[in-house]
Amino acid sequence: MVHLDLHLKEGKTSYVAIGLEGSANKLGVGIIRHFPGPFSTTNRAEVLSNIRDTYITPPGEGFLPRDTARHHRNWVVRLIKQSIIESGLKISEIDCICFTKGPGMGAPLQSVVIAARTLAQLWDLPLIGVNHCIGHIEMGREITGADNPVVLYVSGGNTQIIAYSEQRYRIFGETLDIAIGNCLDRFARTLKIPNEPSPGYNIEQLAKKGSKYIELPYTVKGMDMSMSGILAHIDNLAYDLFNNKKHNKTIFNDDGTPKVTVEDLCFSLQETLFAMLVEITERAMAHVGTQQVLIVGGVGCNERLQRMMETMVLDRRGFIFATDERFCIDNGIMIAHAGLLEYRMSGKGFDYSDTVCTQKFRTDEVLIKWRD
Amino acid sequence: MSDELIQLAQSHLQNIPLQVISQGAEAIVFTTKTHPYLPTSKDSHTEYIIKYRPPKKYRHPQLDATLTKHRTIAEARLLQRLTNIPEIQSPGLIALDARNGIIWMEKVGYELIDYDDKISSLKNWLWRYNDNQEKALTEEIKIALEKVGCMIGKAHVNDVIHGDLTSSNIIITEAQEACLIDFGLSYQSALPEDKGVDLYVLDRAILSTHPKYAEQYNEWLMAGYERGYGKDKKSLIKLKEVLKRYEEVRLRGRKRSMLG
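Owing to the predicted nature of the structure, the values given are computational and were not obtained by experimental measurement. All residue numbers here refer to positions counted from 1 along the written sequence of the relevant chain. Throughout, the order in which chains and ligands are written sets their labels, letters from A for the former and numbers from 1 for the latter. The predicted origin of the model limits local features to residues at a pLDDT of at least 70 and limits the giving and counting of side-chain atom pairs to 80 or more, whereas totals for whole chains, interfaces and linings rest on all residues. Side-chain measures here rest on the full set of heavy atoms in the structure, leaving out hydrogens and waters.

1. Remarks on the overall build of chain A
Let me state the cut-off plainly: Only DSSP runs of H or I reaching four residues or more are called helices, and only runs of E reaching two or more are called strands; each is numbered from the N terminus. All radius of gyration figures rest on C-alpha atoms, and the globule criterion is 2.2 Å times the number of residues raised to 0.38. Under the scheme applied here, a residue whose accessible area is under 20% of the maximum for its type counts as buried, over 50% as exposed, and between as partly exposed, the area being computed with a 1.4 Å probe on protein chains only. All accessibility values rest on the Shrake-Rupley procedure with a 1.4 Å probe; residue burial counts only the protein chains present in the view. By the counting scheme adopted, Arg and Lys are positive, Glu and Asp are negative, and His together with the chain ends is not counted. All charge positions are set by atom: Lys at NZ, Arg at CZ, Asp at CG, Glu at CD.
The secondary structure content of chain A amounts to 10 helices and 12 strands. The C-alpha atoms of chain A give 22 Å as radius of gyration, which agrees with the globular expectation for 372 residues (21 Å, within 12%). By principal-axis analysis of the C-alpha atoms, chain A measures approximately 80 × 45 × 30 Å. When the 372 residues of chain A are sorted by exposure, 58% land in the buried category. About 15,100 Å² of surface is accessible on chain A, with carbon and sulfur atoms providing 51% of the total. Of the charged side chains in chain A, 40 are positive and 43 negative; the average position of the first set lies 3 Å away from that of the second.

2. Re the interface of chain B and chain A
As a reminder, the rule being used: A contact between two residues is defined here by any heavy atoms of the two lying within 4.5 Å. We define buried area as the total accessible area lost by two parts upon association, computed with a 1.4 Å probe and summed across both. Salt bridges are identified by distance alone: a Lys or Arg side-chain nitrogen within 4 Å of an Asp or Glu carboxyl oxygen. Two N or O atoms form a polar contact when they lie within 3.5 Å of each other; inside protein one atom must be a possible hydrogen donor and the other a possible acceptor, and for residues adjacent in sequence the pair counts only when both atoms belong to side chains.
With 22 residues of chain B at the contact, the number on the chain A side is 33 residues. Across the chain B to chain A interface the summed buried area is about 2,500 Å²; carbon plus sulfur atoms make up 50%. Summed over the shared surface of chain B and chain A, the number is 5 salt bridges. Taking the shortest distance from any N to any O, the salt bridge between Lys57(B) and Asp315(A) comes out at 3.3 Å. Where chain B meets chain A, there are 4 residue pairs in polar contact (both at pLDDT 80 or more). Broken down by element, the residue count for the side of chain B that touches chain A peaks at 5 residues, all from helix H2 (residues 61-83) of chain B.

3. Here's the deal with the packing of aromatic side chains
In plain terms, the rule: Centre distance within 6.5 Å is the pairing criterion for rings of Phe, Tyr and Trp, where only the six-membered ring of Trp is used; planes under 30 degrees apart are then read as stacked, over 60 as edge-to-face, and the remainder as tilted. Criterion for a charge above a ring: Arg CZ or Lys NZ at most 6 Å from the ring centre, at most 35 degrees from the ring normal.
Within the structure shown, the criterion is met by 4 aromatic pairs over all chains. An aromatic cluster is present here, built from Tyr213(B), Tyr217(B) and Trp220(B) joined pairwise through their rings. We note Lys246(A) situated over the ring of Phe252(A); from NZ or CZ to the ring centre the distance is 6.0 Å.

4. Observations regarding the sheet that holds strand E11 (residues 292-296) of chain A
Pairing between the strands of a sheet comes from backbone hydrogen bonds, and it takes one of two forms, parallel or antiparallel. Residue and element names in this part refer to chain A. Using the following cut-off: Pairing between strands requires that DSSP locate at least two bridges from one strand to the other. Throughout, an axis means a line fitted to C-alpha atoms (over the contacting stretch in the case of helices), and angles, computed between N-to-C directions, take values from 0 to 180 degrees.
The strand order E8-E7-E6-E11-E12 describes an open sheet built from 5 strands, whose pairing is mixed. Of all the strands in the sheet, the pair left with one neighbour each is strand E8 (168-174) and strand E12 (319-322). The sheet shows a mean angle of 25° between the axes of neighbouring strands, taken without regard to direction. Packing of helix H7 (residues 262-288) onto the sheet brings it into contact with strand E6 (150-154), strand E7 (159-165), E8 and E11, and relative to E6 it is tilted by some 155°. Helix H8 (residues 303-315) rests against E6, E11 and E12 of the sheet, and its axis sits at about 160° to E12.

5. Section: the UniProt feature "binding site: substrate" (unreviewed entry) in chain A
All names here are of chain A. The line we're drawing: UniProt positions are given in the numbering used here, feature names are shortened, and annotations may be inferred rather than shown by experiment.
Within the UniProt annotation, "binding site: substrate" (unreviewed entry) is assigned to Tyr153, Val154, Ser155, Gly156, Gly157, Asp185, Gly200, Glu204 and Asn302. Here Ser155 shows up in the loop between E6 and E7. Filtering out sequence-adjacent residues up to four positions away, Ser155 remains in contact with Ala179, Ile180, Gly181, Asn182, Gly297, Gly298 and Val299. Here Asp185 shows up in helix H4 (residues 180-191). Setting aside residues up to four positions removed in sequence, Asp185 forms contacts with Pro199 and Gly200.

6. Let's talk about the pattern of salt bridges
Note on pairing: side chains with opposite charge can pair once their charged atoms come close. All names here are of chain B. Considering all chains together, one arrives at 38 salt bridges over all chains under this definition. Asp182 is the partner of Lys51 in a salt bridge, and the nearest nitrogen-oxygen pair spans 3.0 Å. One end of the pair, Lys51, is in strand E3 (residues 48-52); the other, Asp182, is in the loop between strand E10 (178-180) and strand E11 (187-188), with 131 residues separating them in the sequence. Relative accessible area serves as the criterion here: at 28%, Asp182 is assigned to the partly exposed category.

7. A word on the packing of H4(A) against H7(A)
All names here are of chain A. Threshold: Geometric relationships in this document are graded by angle, where less than 35 degrees denotes roughly parallel, more than 145 denotes roughly antiparallel, 65 to 115 denotes roughly perpendicular, and other angles denote oblique. We call Asp, Glu, Lys and Arg charged. Ala, Val, Leu, Ile, Met, Phe, Trp, Tyr, Cys and Pro are nonpolar, and the rest, Gly among them, are polar.
Remark: H4 packs on H7, axes separated minimally by 12 Å, with the N-to-C direction vectors making an angle of 170°. Comparing the axis directions of H4 and H7 gives the class roughly antiparallel. The residues of H7 that touch H4, namely those facing Ile180, Cys183, Leu184, Phe187 and Leu191, are Val262, Leu265, Cys266, Leu269, Leu273, Phe274 and Leu277. When its residues are assigned to classes, the contact of H4 with H7 shows 12 nonpolar, no polar and no charged.

8. Let's talk about the nonpolar core
Using the following cut-off: Working definition of a nonpolar core: buried Ala, Val, Leu, Ile, Met, Phe, Trp, Tyr and Cys residues. They are joined through side-chain atoms within 4.5 Å.
By size, the foremost hydrophobic cluster in this structure holds 56 residues, and its most contacted members are Ile180(A), Phe187(A) and Leu273(A). Elements that contribute at least two residues to this core include exactly E6, H4, helix H5 (199-209), helix H6 (228-242), H7, E11 and H8 of chain A together with H2 of chain B. With 13 residues, H7(A) is the single largest residue contributor to this core. Residues within four places of Ile180(A) in sequence aside, it is in contact with Val154(A), Ser155(A), Thr159(A), Met227(A), Leu273(A), Phe274(A), Leu277(A) and Val299(A). Listed in part, the 48 residues of the second largest apolar core include Leu78(B), Leu126(B), Leu202(B) and Val242(B).

9. Re the environment of Gly222(A)
By the secondary structure assignment, Gly222(A) is in the loop between strand E9 (220-221) and strand E10 (224-225). According to the relative accessible area criterion, Gly222(A) is buried, its value standing at 16%. Distance from Gly222(A) to Tyr153(A), taken between C-alpha atoms, is 17 Å for residues 69 residues apart in sequence. Gly222(A) has contacts with Ile280(A), Arg283(A) and Leu185(B), leaving out every residue within four places of it along the chain.

10. A look at the domain arrangement of chain B
Residues and elements named next belong to chain B. Filter applied, for reference: Bear in mind that the domain bounds are from an automatic or database domain assignment.
Each domain of chain B was delimited in the assignment, giving domain 1 (2-106) and domain 2 (111-256). Measuring from the centre of the C-alpha atoms in domain 1 to the corresponding centre in domain 2 gives 25 Å. Residue-level contacts link 13 residues of domain 1 with 15 residues of domain 2. Taken together, both faces of the contact between domain 1 and domain 2 bury some 1,200 Å²; the carbon and sulfur share is 66%. Counting every contact that joins domain 1 to domain 2 gives 4 residue pairs in polar contact (both at pLDDT 80 or more). A total of 5 residues in the side of domain 1 that touches domain 2 trace back to one element, the largest contributor, which is H2.

11. Some words on the domain arrangement of chain A
All names here are of chain A. Assigned domains of chain A: these are domain 1 (15-140 + 328-365) and domain 2 (148-325). On a C-alpha basis, the centres of domain 1 and domain 2 stand 28 Å from each other. Between domain 1 and domain 2, the residue contacts involve 22 residues of the former and 26 residues of the latter. Taking both partners together, domain 1 and domain 2 bury about 2,000 Å²; carbon and sulfur atoms supply 59% of that area. Of all residues in domain 1, Ile56, Ile137 and Cys328 bury the most surface against domain 2, accounting for 30% of the area lost on that side. A salt bridge links Arg362 to Glu174, with the shortest nitrogen-to-oxygen separation between them at 3.2 Å. In this structure, the connection of domain 1 to domain 2 is made through 12 residue pairs in polar contact (both at pLDDT 80 or more). Among the elements that take part in the side of domain 1 that touches domain 2, helix H3 (residues 132-144) stands out by supplying 7 residues, more than any other. Taken together, the residues of the side of domain 1 that touches domain 2 break down into 9 nonpolar, 7 polar and 6 charged.

In structure tokens:
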């Protein structure tokens, strides 16, 4: 068992951290409290505040780094102020400031790092840089109580299947090209459906009305998968459907009436992509020999994905863990949680020269000191 | 789950006694003493393998049916092709029921008497000696691993990519010959890239399953692999290309910082 309280300051009965997240189009600020001792059903992390503001673009457009960074710069002070008020804490009660070190988009990451560095100097507090993926995994474990799960991390920028072994979260399988969320978002752009509240959510709602399954490429390679070909294929189908290309017999009947609807396309896309995800998860479960599955990341909110995964896991007599949108979608609280774990192990912040961000930062680069 | 799936398998294989030997993510493997179409004498000891891909409830029935059919046919086709290549040992194909995802094949390997009667996969075969360094690095093991490497080389010369080279997917027969099994992820390709990745998968698998002696084992495997390409000039050029690509794959971006 790892001892988590080697650096508990005298007179303190708990640890408090504030986390800043801004690796993509969500800006999140969260404040978390840990009590000494190992985590258990009676000793849970306490969420004091968890707020988020999302940069929404018009239908048909994605978020560009420069504009997203501007959004983060505009909102970060307001969000921090609000979260401090919400938590009811005094600044002096905070132990450390945590920020997303990477991976993510350069400009948005940078704007948040600058905010974190400024705060650290203003309040004279240590700074901790956190790997975004580790944040998701640790928060998911803490919220659901999953002990040693296979983790499926699915979001706009990442698709990885991860399991813990010897102080690292090791990647067993991942996407070979684009991430699943990226695939869904880009198809939403093709359909010109709103990005509010999120493109993936809107695709999910459309898919619920679809029923006809159209065959799409299926590209699982061992425990890895590839999605760019599927996107290109379905984009073409949508293009033909919108432009009345009646020669395409996959989507038009002989008399020229459409065979399929936009809803059917969304339905088929989800069915194919999620079947691939569940398949690689099952393979990883068999490989690692565990019975638990934890889904994290923005796409993890999708109810259809959760249901499919549940069917597979129950068939294997296992357990499934998933969180709701508060913790699935990028948030500040997970950064605070993972950063605070790091802080409890080392007792100090990063050297000032290390408090930078990086666009490439793999999950298995982080030494997980707080697990054995 | 297995009870339900075994019943399902049994419904496709009526009056055939089945015994589960392994259950992976994709398929269940049974043994049986009954041959699908030849008469079986009561005291025959020959066993056959039945590989059954059960339907997956989580995916759309249409998708499930297509995948099961495609994968079963692909695997059977490859097994059939391999029987025509004498240098590569693999189980012979006996029967195929593509729609229900069932393949019958010959059984290879034997039970390791000194290792809980487990099947003689390379993994178990090597693990017997894991705690004894002297025994783990004998000439016997060196020869066997070189044979394994040689066979993988031969497969690659014939443009067969195994796709899932782990020590559990290689069988050591009683005559101490190597035999490849489980072609569920296999395909044909002449690209050095695919061969390099195949070798990389093996390298990783040995490293994670036999960490103590991985370096030596991999060295022997690679020595055998190079031998598998033979001596004529054309093959040696191909070998050089594959080895170069293998190095590249090892250093490649996405996978670079995989620490195990």
